Amino acid sequence: MWTLRQAFLAGAFAALGGGAWWILQSRPAPEGPPLQRGRLPDYVVSRFVAVETDDSGRPSRRLAADQLRQLVEEDLAELDSPSLTVFAAEGPPWEAQWRIWLLLKGWEEVLLIEAVQILRAGSESVRSVRLETSELGVWPKREYAQGDRPVRIESDRDRLTANGISLWYAEPGRAHFPGRVHIYLAPATAGGQPQESNP
């Protein structure tokens, strides 16, 4: 048999438990973030390689990527770790590398994202060029590229830094750099030694 004190404590605990259950049931459940299903691509191509040729059958462009994902409804393609080679009529080809490539608006606009590097080796007729930035938009049909992130360009020992770039890359190419631009022009050398100028 329970004593009066034990019965009173059991009733009090039961009342507290019932009250706590009632309070928890009357409060609305916290709403978590809505569950979203990730986009699934319509097509996936691993070790993607595409080559474009000119009228004579010589390669003019070569695009390679670890993986291509095509989303038809969004008219969007994503490429992982792509590299692009643009072959010049004369001189070394242009090489471009970056981490992610988004093809937008029916392949009319290309967005290069993360660790963008565009470079060309030097030769007897042209200087070496290396451009680095973090993001660059390209419109191939207009032969135009634009970026509003910091950019660094090196050519042999000369270098330029700016807060963005507008680039018309069809021959003859030209570029515009908004805002303040810092340019370092290395002195000409002869036999690896700085040239002396006579007054």
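Everything below is about the structure printed above this text.
The structure reproduced in this document is the subject of the present report. (Residues numbered from 1 in each chain as written. Predicted model: local features only at pLDDT ≥ 70, side-chain atom pairs only at ≥ 80, totals over all residues. Heavy atoms only, no water.)

### Quick look at the overall build of the protein chain
Along the backbone of the protein chain there are one helix and 16 strands. Within the protein chain, contacts between residues at least 6 apart in sequence are counted, and of these 31% link residues at least 24 apart. Accessible area for the protein chain stands at about 14900 Å²; split by element, carbon and sulfur atoms hold 55% of it. (Helix = DSSP H or I, 4+ residues; strand = E, 2+ residues; numbered from the N terminus. Contact = heavy atoms within 4.5 Å. Areas by Shrake-Rupley, 256 points an atom, 1.4 Å probe, with all protein chains shown as cover.)

### Topic: the nonpolar core
Among the nonpolar cores identified, the biggest contains 26 residues, and Leu79, Trp98, Trp101, Leu112, Leu136, Ile153 and Ile165 are the most heavily contacted of them. For this core, the secondary structure elements donating two or more residues are strand S2 (59–71), strand S3 (76–80), strand S6 (100–104), strand S7 (109–120), strand S8 (129–139), strand S10 (151–155) and strand S11 (158–162). Beyond its immediate chain neighbours, meaning those up to four positions away, Trp101 contacts Leu63, Ala77, Glu78, Leu79, Pro82, Val110, Leu111 and Leu112. Leu71, Leu76, Leu111 and Ile113 belong to the second largest nonpolar core, which has five residues in total. (Core = buried A, V, L, I, M, F, W, Y, C linked by side-chain atoms within 4.5 Å. Buried < 20%, exposed > 50% of the residue type's maximum accessible area, 1.4 Å probe, protein only.)

### Digging into the pairing of strand S9 (residues 144–147)
Both S8 and S9 contribute to a ladder of three bridges, which runs antiparallel. Of the residues in S9, the one forming a bridge with Gly137 is Gln146. Taking the residues that link successive antiparallel strands as the turn, the S8-S9 hairpin has four residues, and the phi of Glu143 there is positive, at about 50°. As paired strands, S9 and strand S12 (residues 165–168) are joined by four bridges and run antiparallel to one another. Among the inter-strand pairings, Tyr144 is bridged to a residue of S12, identified as Trp168. (Pairing = 2+ DSSP bridges.)

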